[in-house]
Amino acid sequence: MGAPKFSIVIPYKQRLDNIKLAFAALAEQTMDRSEFEVIIGALENSPEFASVCEEFSDRLNIVTVMSGVDWNLCHARNLALRQVSGQVLVVLDADMVVPSRFLENLYTRYFQHGQKICVVGQMIGYNDVVRRDVEAVEVRPFSDYREVLAELETEGNVQLDYRWTPEYASAFARFPWVYACGALVAVPAAIVKEHGLTYEEGFRGWGPEDQEWARRVSLTGTPIVLGEGVYGVHLPHPRNQVDQSETEIINWRFYLSKWPVLDVEMAIAYDQLDADRLYPDAAREVAAAVPADGQQMGVVRGTINGRSVLVVGAAIDTESHTPAPWISTMFDEHTSREVLPLAGLALPYTDQSIDECRVLAPVLELSTQFRDTVLQEAERVAVKVVAPEAEALR
């Protein structure tokens, strides 16, 4: 027998009620069960979960890979990714239920001719709960969701996810990876295997791990598209907003340290639509702030007289990211330095973790909005900020 059409990758831990519903939806797919497999990356070893898998074993081909490590969404996904045998990977969260024609529609519209694309699906209802606490949820029977999904299927071209609205069209065109949420995304397995597109396990908790993965997908030349008729309904589950916000901040700074580029700075400094709207102006101003050929704005962190110092607005080489000689002479000799090609709109450092931040003249060449953002970020990371005319500019 040949490879199945789909491998459905689901990360899992302690979401028993949700995974039952997700399995029930997959068990009612119009695509024959022999044409897809369900691979679970489970970060627990629970008899109750095993019992649920057994309950659906006559309707689904389920493979579970277990690990006892602490919850790490990316690790759970990677456990499953390493076991897939299908032609196309569908990364699906355990709290998503999909309509009965989901796989058939996805294959017919987007993959039956071997298309090399990454398809993003709608997560209906997700944004209704993502920014608030959910202490307890009502467990509804699958029959309720079956009815909702059937109604959606009769409506045709469903567009209930904000990413599908016209106001986000420009942002998606410029930064498609930002909208490739890992709760529902599909990509050919050959692309993942060829380019080693596993998830970055340095992320912990809630945050942009799916955006970082999708950025690497995009860099392979694989188009990211919003799927027509590709959607699922997000299931409610407990959520702690304080914990979520704390890990989100940490993960965004980790993302910026891994990808020190202007669009990630903008995504941290501003909301999504403002970041897209402001990006062309920011890119133009940042490029003009250091007019010398072969140089760009950057930040340099090291020690001066034994104290930790960050220089923002430093001239660095565009290719090698080494500081200009006069910048290097500011720091203590024979000590290590970190150089990042950042404008300073966002920085990957924790609050007040640096003794002093020196803001150089190129920052003062930026327009008021960007200049103020850089100065505010400098004040966040450093105990003391030294900036010529900074107070007059605020």
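First things first, this report covers the structure right here in the doc. (Residues numbered from 1 in each chain as written. Predicted model: local features only at pLDDT ≥ 70, side-chain atom pairs only at ≥ 80, totals over all residues. Heavy atoms only, no water.)

**A short note on the state of the cysteines**
For the structure on display, the rule yields zero disulfides. In this structure Cys74 is a free cysteine whose sulfur lies 13 Å from that of Cys181, the closest cysteine sulfur available. Look at Cys74 and you get buried, because its relative accessible area is 2%. A disulfide-free cysteine, Cys118 has its sulfur positioned 11 Å from the sulfur of Cys181, the nearest such atom. Residue classification places Cys118 among the buried residues on the basis of a relative accessible area of 0%. (Disulfide = S-S within 2.5 Å. Buried < 20%, exposed > 50% of the residue type's maximum accessible area, 1.4 Å probe, protein only.)

**Comments concerning the environment of Lys193**
For Lys193, the position within the fold is in helix H7 (residues 189-195). Measuring from C-alpha to C-alpha, the distance between Lys193 and Thr64 comes to 20 Å, with 129 residues separating the pair along the chain. (Helix = DSSP H or I, 4+ residues; strand = E, 2+ residues; numbered from the N terminus.)

**Topic: the pairing of strand S8 (residues 224-234)**
For S8, a buried count of eight out of eleven residues is recorded, marking the element as mostly surrounded by other parts of the structure. Summarising the sheet, strand S5 (residues 96-97) and S8 pair through two bridges and their orientation is antiparallel. For Met96, the partnering residue across the bridge sits in S8 and is His234. As defined by bridge partners, strand S6 (residues 118-124) adjoins S8 across six bridges and the pair is classed as parallel. Residue pairing across strands places Met123 opposite Gly232, the latter belonging to S8. (Pairing = 2+ DSSP bridges.)

**A few points about the sheet that holds strand S1 (residues 6-12)**
Read across the sheet, eight strands follow the order S3-S2-S1-S4-S7-S6-S8-S5 without closing on themselves; strand pairing throughout is mixed. Whereas interior strands pair on both sides, the edge strands pair on one side only; in this sheet they are strand S3 (62-66) and S5. Packed onto the sheet, helix H2 (residues 47-55) meets S1, strand S2 (36-42) and S3 and runs at close to 165 degrees relative to S3. (Contact = heavy atoms within 4.5 Å. Axes fitted to C-alpha atoms, helices over the stretch in contact; angles between N-to-C directions.)

**Here's the deal with the nonpolar core**
Ranked by size, the top nonpolar core spans 78 residues in total, and within it Trp213, Ile224, Met266, Leu310, Ile327, Leu345 and Phe370 carry the most contacts. Among all residues touching Ile224, those that are not within four sequence positions of it are Cys118, Val120, Phe172, Pro176, Trp177, Ala180, Ala214 and Ser218. Judged by nonpolar contacts, the second largest core, of 51 residues, contains Val88, Leu92, Val98 and Tyr145. (Core = buried A, V, L, I, M, F, W, Y, C linked by side-chain atoms within 4.5 Å.)

**Notes on the environment of Tyr126**
Examined against the element boundaries, Tyr126 turns out to sit in the loop between S6 and helix H5 (142-155). A sequence separation of 35 residues divides Tyr126 from Asp161, and the C-alpha atoms of the two residues are 8.3 Å apart. Polar contacts involving the side chain of Tyr126 include one to the side chain of Trp206, which spans 3.4 Å. (Polar contact = N/O pair within 3.5 Å; in protein donor to acceptor, adjacent residues only side chain to side chain.)

All quantities given are derived from atomic positions and should not be read as evidence of function.
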